[in-house]
Amino acid sequence: MINTIISAISNTLDTEFGYDVHLGQVEQGLEIPCFFINCLNPQISKFPGNRYYRENQFCIQYVPKSIPNSHAALWECNEVAESLTWCMECIDVNGDLLRGTNMHHEIADGILNFFMNYNCFVCKEETNTVMDNITSEMEVKEGE
């Protein structure tokens, strides 16, 4: 489920901004501006039946094209944060809309960190075990 949400976030970012989106560390050749996506602290709570509530907090990091910690970089990060607020409100996850909640951001070391939750209920598929018909033959012994 987490990878499906990450793919939906990545598709939304690509549509809105068109910048590179990374899911892990980039050793060399980082082209800026770009985004990084991380799931921070996923949690699962059991509900009655086969239902589970999944809390998924994500962080989208934006590396601006401007010089880090400059006025231009701060301005750029604020503009991107505003755009993220609107484009990440609802994302398309396999044809279903998933609403982002608890959105907030901070700028640290010249990089925008945009946080949001995509929480949802999931149902565990139950496997129905069906037994085939069993026949048995019994004889009653007389005597003993």
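All figures in this text were calculated on a predicted structure; none of them were measured in a lab.

**Student:** I'd like a description of the nonpolar core, backed by residues and values.
**Tutor:** The nonpolar side chains of a soluble globular protein tend to be buried with one another. Ranked by size, the top nonpolar core spans 26 residues in total, and within it Ile 9, Leu 84 and Met 88 carry the most contacts. The dominant element in this core, judged by the number of residues it contributes, is helix 1 (residues 2–16), at six residues. The contacts of Leu 84, once residues within four sequence positions are left out, are Leu 13, Phe 17, Phe 35, Ile 60, Glu 89, Leu 112 and Phe 114.

**Student:** Before we move on, could you go through the sheet that holds strand 4 (residues 51–55) and cite the residues and values that matter?
**Tutor:** Within the open sheet, the three strands sit side by side as 3-4-10. Their pairing is antiparallel. The open sheet is flanked by strand 3 (43–46) and strand 10 (120–123), the only strands paired with a single partner. When the angles between neighbouring strand axes are averaged without regard to direction, this sheet yields 30 degrees. Across four bridges, strand 3 lies against strand 4 in antiparallel orientation.

**Student:** Can you explain the side chain of Asn 117? Please cite residues and give values.
**Tutor:** On the secondary structure map, Asn 117 appears in strand 9 (residues 111–117). When residues no more than four places from it in sequence are discounted, the contact partners of Asn 117 are Asn 56, Gln 57, Arg 99, Gly 100, Thr 101 and Asn 102.

**Student:** If you had to explain the side chain of Glu 76 to someone new, which residues and values would you point to?
**Tutor:** If you trace the backbone, Glu 76 turns up in helix 2 (residues 71–87). For the buried Glu 76, no salt bridge exists, and the shortest N-O distance to an oppositely charged side chain is 5.4 Å, to Lys 65. Only 2.7 Å separates the side chain of Glu 76 from the side chain of Ser 66, close enough to count as a polar contact. Ignoring anything within four residues of it in the chain, the contact list for Glu 76 reads Pro 33, Tyr 62, Pro 64, Lys 65 and Ser 66.

**Student:** I'd like to hear about the confidence of the model for the protein chain, residue by residue, with values.
**Tutor:** Of the residues in the protein chain, 90% have a pLDDT of 70 or more, and the chain-wide mean is 89. Of all the helices and strands in the protein chain, strand 10 carries the lowest mean pLDDT, 88, while strand 9 carries the highest, 97.

**Student:** Kindly report on the packing of aromatic side chains, identifying the contributing residues and their values.
**Tutor:** In the structure shown here, the tally under the stated rule is nine aromatic pairs. Here the aromatic rings of Tyr 53 and Phe 121 are separated by 4.9 Å at their centres, their planes lie at 55 degrees, and the arrangement is tilted. Placement of the pair is Tyr 53 in strand 4 and Phe 121 in strand 10, with a sequence separation of 68 residues. By relative accessible area, which is 42% here, Phe 121 ends up partly exposed. Against the face of Phe 121 rests Arg 51, its NZ or CZ located 4.4 Å from the ring centre.

**Student:** Describe the pattern of salt bridges, naming the residues involved and giving the relevant values.
**Tutor:** In total, this model carries one salt bridge according to the counting rule given. Between Glu 89 and Arg 99 there is a salt bridge, with its nearest N and O atoms 3.3 Å apart. Residue Glu 89 is found in the loop between helix 2 and strand 6 (90–93), and its partner Arg 99 is found in strand 7 (residues 96–99); the two are separated by ten residues along the sequence. Taking relative accessible area as the criterion, Glu 89 reaches 34% and is therefore assigned partly exposed.

**Student:** Please set out the sheet that holds strand 5 (residues 57–63) residue by residue, giving values where relevant.
**Tutor:** Strand order across the open sheet formed by five strands is 1-2-5-9-8, with mixed pairing between neighbours. Strands at the two margins of the open sheet, each flanked by one partner only, are strand 1 (20–22) and strand 8 (101–108). Ignoring strand direction, the axes of neighbouring strands in this sheet form an average angle of 20 degrees. The sheet contacts of helix 2 involve strand 2 (34–39), strand 5, strand 8 and strand 9, and relative to strand 9 the element is tilted by about 15 degrees.

Parameters at a glance
- Residues numbered from 1 in each chain as written.
- Predicted model: local features only at pLDDT ≥ 70, side-chain atom pairs only at ≥ 80, totals over all residues.
- Heavy atoms only, no water.
- Core = buried A, V, L, I, M, F, W, Y, C linked by side-chain atoms within 4.5 Å.
- Buried < 20%, exposed > 50% of the residue type's maximum accessible area, 1.4 Å probe, protein only.
- Helix = DSSP H or I, 4+ residues; strand = E, 2+ residues; numbered from the N terminus.
- Contact = heavy atoms within 4.5 Å.
- Pairing = 2+ DSSP bridges.
- Axes fitted to C-alpha atoms, helices over the stretch in contact; angles between N-to-C directions.
- Lys, Arg positive; Asp, Glu negative; His and termini not counted.
- Salt bridge = Lys/Arg side-chain N within 4 Å of Asp/Glu carboxyl O.
- Polar contact = N/O pair within 3.5 Å; in protein donor to acceptor, adjacent residues only side chain to side chain.
- pLDDT = per-residue confidence, 0-100.
- Phe/Tyr/Trp six-rings, centres within 6.5 Å; stacked < 30°, edge-to-face > 60°.
- Lys NZ or Arg CZ within 6 Å of the ring centre and 35° of its normal.

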